[in-house]
Amino acid sequence: TGAIGLYNVGQSCCLNSLLQVFLMNIHFTGILRRITVPPHAGQKSRNVPYQMLLLLEEMQCGKRKAVFPIPLARCLSVYRVKLFVQHDAAQLFLTLWNLIKDQMKKPELVEELSYLYTICVQEHLACQKCSLETKRNSRMLTLPLPMLDADSRVLKTLEDCLQYFFRPEELTDHNMCFCEQCGRKTPFLQSTKLVHLPQTLTIHLKRFCFEESSYVHKLSHYLPFPQDLDFNAILTENQCQADDNEKASWQYELFAVVAHSGSTSCGHYCAYIRSLTECKWYCFNDSQVCQVSWDDVKCTYGHSNLNWAETAYLLIYMKKRPQ
């Protein structure tokens, strides 16, 4: 089944959870298996994709319940990914992905990796006093969704969070921008429009937020997320900048949930992943792996009165195959 655990080698629960999400994704491992093997031992020990490939092969041979990711952890330490520290899963995911991409030598694999994970949006700025409008395309690895609106009110569903992320925002008063056509600061309308969604879509629920005192606290409130996600049913026409062929592929099903339990300073990560070969859900909790139900996954929706309980932090959706 490929459902093999990873031993915790020094507060490595965050790293272990993300590695499981990468290595259970057959689209990613299909790219990983085609990398160029570094010629020298020193290069091999410092090459993140190669060490991930070795780990994958070790997990797939034999019948051990778990393996030690020590060679990969040692490789990552060269790039300042340390053990015995509390990592943030969204930040570590970005770090790992960039290391993998930068160390793949074949341009076609880099392109495939980018196509597999990268989101494209178009940022709009429009002056409200004249017709001046600027547009800029940008790429993102995750959709960082706020869980509170501008008035600190709770957003109640994942669909609400997506709607809020892509809503237009008026820049007025001290937020006004300089308009070259008007020759002065004017109110602007700022908006983000969706251009392209990847095969593997990562959503970052921003559960850790700063208060005015610079204290970071965790938002543990209930936020349900669906197994099936259709962006055409969530976003309006004005929130998209894509043709019909692109939109036709915006049908997703949930592949994995990286969940966090505990507080901002003392927490633990595990991953719930749906096997793409068996279509069964598993919980990967370091070296412990067990089959679970969808009801178990739904326990990561959160609860405002259970601040230390498991809450979903990263949601990974996979594009549905065309009918």
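Residues numbered from 1 in each chain as written. Predicted model: local features only at pLDDT ≥ 70, side-chain atom pairs only at ≥ 80, totals over all residues. Heavy atoms only, no water.

As recorded in an unreviewed UniProt entry, the protein chain goes by UBP18 hydrolase and comes from Stercorarius parasiticus.

As for the packing of helix 6 (residues 89–102) against helix 7 (residues 107–117)
Condition: To obtain an axis, a line is fitted to C-alpha atoms, over the contacting stretch when the element is a helix, and the angle between two such axes runs from 0 to 180 degrees between their N-to-C directions. A helix here means a DSSP run of H or I that spans at least four residues, while a strand means a run of E at least two residues long, and both kinds are numbered starting from the N terminus. Comment on the angle field: the value is read as roughly parallel under 35 degrees, roughly antiparallel over 145, roughly perpendicular from 65 to 115, and oblique elsewhere. Contact definition: two residues touch when any of their heavy atoms are within 4.5 Å. Only Asp, Glu, Lys and Arg are considered charged in this grouping, and only Ala, Val, Leu, Ile, Met, Phe, Trp, Tyr, Cys and Pro are considered nonpolar; every other residue, Gly among them, is considered polar.
The N-to-C vectors of helix 6 and helix 7 enclose an angle of 155 degrees; their axes lie 10 Å apart at closest approach. By the angle class used here, helix 6 and helix 7 are roughly antiparallel. Contacts between helix 6 and helix 7 involve F93, W97, I100 and K101 on the former and, on the latter, V110, L113, S114 and Y117. Considered class by class, the residues forming the contact of helix 6 with helix 7 number 6 nonpolar, 1 polar and 1 charged.

Some points on the sheet that holds strand 6 (residues 169–171)
Here is the rule we go by: Any two strands with at least two DSSP-identified bridges between them are counted as paired.
On the basis of which strands lie adjacent, the open sheet formed by 4 strands has the order 4-3-9-6 and antiparallel pairing. Only two strands of the sheet have a single neighbouring strand rather than two, namely strand 4 (133–140) and strand 6. Neighbouring strand axes in the sheet, compared pairwise and without regard to direction, differ in orientation by 25 degrees on average. Alignment of strand 3 (residues 119–127) against strand 4, held across 8 bridges, turns out to be antiparallel. Residue L125 lies in a different strand from strand 4, and its bridge partner there is T134.

Some details on the domain arrangement of the protein chain
It is common to give the size of an interface as the accessible area that goes away when the parts come together. We apply this condition: For every domain, the bounds stem from an assignment made automatically or drawn from a database. In short, buried area is how much 1.4 Å probe accessible area vanishes from two parts on joining, totalled over both. Salt-bridge detection follows one rule: a side-chain nitrogen of Lys or Arg within 4 Å of a carboxyl oxygen of Asp or Glu. Each polar contact in these results corresponds to two N or O atoms within 3.5 Å; when the atoms are within protein, one needs to be able to donate a hydrogen and the other to accept it, and residues that are neighboring in sequence are counted only if both atoms are side-chain atoms.
Domain parsing of the protein chain yields domain 1 (1–118) and domain 2 (143–167 + 199–322). For domain 1 versus domain 2, the separation of C-alpha centres amounts to 22 Å. Taken residue by residue, the interface counts 30 residues in domain 1 and 29 residues in domain 2. When domain 1 packs against domain 2, the two sides together hide about 2300 Å² of surface, and 64% of this comes from carbon and sulfur. The largest contributions to the domain 1 side of the interface with domain 2 come from V21, M24 and Q86, which together make up 21% of the buried area. The interface formed by domain 1 and domain 2 includes 0 salt bridges. At the junction of domain 1 with domain 2, the criterion picks out 11 residue pairs in polar contact (both at pLDDT 80 or more).

Overview of helix 6
Basically, it comes down to this: The span expected for a helix works out to 1.5 Å for each residue beyond the first. The buried label applies to any residue whose accessible area, calculated with a 1.4 Å probe on protein chains only, is under 20% of its type's maximum; exposed applies above 50%, and partly exposed to all values in between.
An ideal rise of 1.5 Å per residue puts 20 Å on 14 residues; helix 6 measures up with 20 Å between its terminal C-alpha atoms. Those residues of helix 6 not exposed but buried are A89, A90, L92, F93, L96, W97, L99 and I100. Between a side-chain oxygen at the N-terminus of helix 6 and the backbone nitrogen of A90 the separation is 3.0 Å; the capping residue is D88.

Some details on the environment of S45
Structurally, S45 can be placed in helix 3 (residues 41–46). Residue S45 is classed as partly exposed on the basis of its relative accessible area, which comes to 37%. With near-sequence residues (within four places) excluded, S45 lies in contact with Q51 and C75. Only 2.8 Å separates the side chain of S45 from the backbone oxygen of G42, close enough to count as a polar contact.

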